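Summary of the model geometry
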Amino acid sequence: MTTGTPPPTARKRSRARTFVPLAIAAWAVLEIWLLTVVADVAGGFTVLLLLAAGVVLGAVVMKRAGRRAFRNLTETLQQMPGQPGADGSPAPSSTRGNGFLMLAGLLIMIPGMISDVAGLLLLVPPVRSALSRYAERSLERRMRTAGPGSLSDAFQQARMHRPDGKVVQGEVIREEPSRPDDTPRPPLTP
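Described below are features of the structure shown in this document. For clarity, every value in this text was computed on a predicted model and none was experimentally measured.

Secondary structure assignment for the protein yields 6 helices and 0 strands. Counting from the amino terminus, the protein carries its helices and strands in the arrangement α-α-α-α-α-α. For the protein, buried positions account for 14% of its 190 residues. Across the protein, contacts joining residues at least 24 apart in sequence account for 56% of those joining residues at least 6 apart. Looking at the protein as shown, the accessible area adds up to about 16000 Å², and 65% of this sits on carbon and sulfur atoms.

Our next topic: the side chain of Asn-98. The topology assignment puts Asn-98 in helix α3 (residues 98-109). Reaching out from Asn-98, the side chain makes a polar contact with the side chain of Arg-68 at a distance of 2.9 Å. Apart from the residues lying within four places of it in its own chain, the contact partners of Asn-98 are Ala-65, Arg-68, Ala-69 and Asn-72.

Moving on to a nonpolar patch on the surface. A grouping of Val-20, Ile-24, Trp-27, Leu-30, Trp-33, Val-37, Val-41 and Ile-114 is seen on the molecular surface, where their side chains present a nonpolar patch of about 730 Å² in accessible area. If one sorts the elements of the nonpolar patch by residue count, helix α1 (residues 15-42) sits on top with 7 residues. Mapping Ile-24 onto the fold places it in helix α1.

A separate point is helix α5 (residues 125-145). Taking 1.5 Å per residue as the helical rise, α5 with its 21 residues ought to reach 30 Å, and the 30 Å between its terminal C-alpha atoms agrees with that figure. By the burial criterion, the buried members of α5 are Arg-128, Ser-132 and Ser-138. The buried residues of α5 all sit within an arc of 135° when viewed along its axis, so they share a single face. In α5, the exposed positions angled more than 90 degrees off the buried face are occupied by Pro-126, Arg-144 and Thr-145. Contacts made by the buried residues of α5 are with α3 and α4 (113-122).

The next thing to look at is the environment of Ile-32. Mapped onto the secondary structure, Ile-32 falls in helix α1. It is 9.0 Å that separates the C-alpha atoms of Ile-32 and Pro-111, two residues lying 79 residues apart in sequence.

Moving on to the packing of α3 against α4. Angle between the axes and distance between the axes are the two parameters that describe a pair of packed helices. Contact geometry of α3 with α4 gives a least axis separation of 7 Å together with a crossing angle of 155°. Taken together, the axes of α3 and α4 lie roughly antiparallel to each other. By crossing handedness, the relation of α3 to α4 is classed as left-handed. From α3, Phe-100, Leu-103, Ala-104, Leu-107 and Ile-108 reach across to α4, where they touch Ser-115, Asp-116, Ala-118, Gly-119, Leu-120 and Leu-122. Partitioned by chemical class, the residues of the contact of α3 with α4 number 8 nonpolar, 2 polar and 1 charged.

Further remarks concern α3. Between the first and last C-alpha of α3 there are 17 Å, a value that for 12 residues agrees with the 16 Å anticipated at 1.5 Å per step. Every buried residue of α3 is listed here: Asn-98, Leu-101, Ala-104, Gly-105, Leu-107 and Ile-108. Contacts made by the buried residues of α3 are with α2 (44-78), α4 and α5.

Definitions and limits used
Residues numbered from 1 in each chain as written. Predicted model: local features only at pLDDT ≥ 70, side-chain atom pairs only at ≥ 80, totals over all residues. Heavy atoms only, no water. Helix = DSSP H or I, 4+ residues; strand = E, 2+ residues; numbered from the N terminus. Buried < 20%, exposed > 50% of the residue type's maximum accessible area, 1.4 Å probe, protein only. Contact = heavy atoms within 4.5 Å. Areas by Shrake-Rupley, 256 points an atom, 1.4 Å probe, with all protein chains shown as cover. Polar contact = N/O pair within 3.5 Å; in protein donor to acceptor, adjacent residues only side chain to side chain. Patch = residues over 30% accessible without salt bridge, like charges linked within 9 Å, V, L, I, M, F, W, Y side chains within 5 Å. Salt bridge = Lys/Arg side-chain N within 4 Å of Asp/Glu carboxyl O. Expected span 1.5 Å × (residues − 1). Arc of directions from axis to C-beta. Axes fitted to C-alpha atoms, helices over the stretch in contact; angles between N-to-C directions. Parallel < 35°, antiparallel > 145°, perpendicular 65-115°, else oblique. Left-handed = near helix turned anticlockwise from the far one by under 90°. Nonpolar A, V, L, I, M, F, W, Y, C, P; charged D, E, K, R; others polar.

Written out as structure tokens, the structure reads:
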């Protein structure tokens, strides 16, 4: 006879796995309802034009943000040590926020009024910079509080550890076997 309690080794389901699908379903129902309300007020053709304009505007925003991100990456890779800006100083604010611009384009492209409004809000520079700062602080806080063995711990440490957790510093020196005729090797380059 079972009592209905999970076995002691079963992990508890996270809140995100419970509420994210429900939130997505509620959002989809709300978007469809809002589109029908707008279609009743303004007409079906107007809704069709709004959806088509959203797809075009979203594609333009995503294309522009992608080009800007690629240009910034190219400029970063072309910087030589010793040139201005190669000292590790943070990027200017004009080179930040490409991810949020791409997210704005994606939200505008998704059919629906709520996603369009959210995408248009992300196009406003003060909103985008505030969200960027919040996301950066949140990520830094999670990286600091992460325990050993987590993915963030792997990013923070660039050392080799022994199985017992002790840090091993040094270098690998390979001893090559002696050649049978004891003649030196020819150089690798002519």
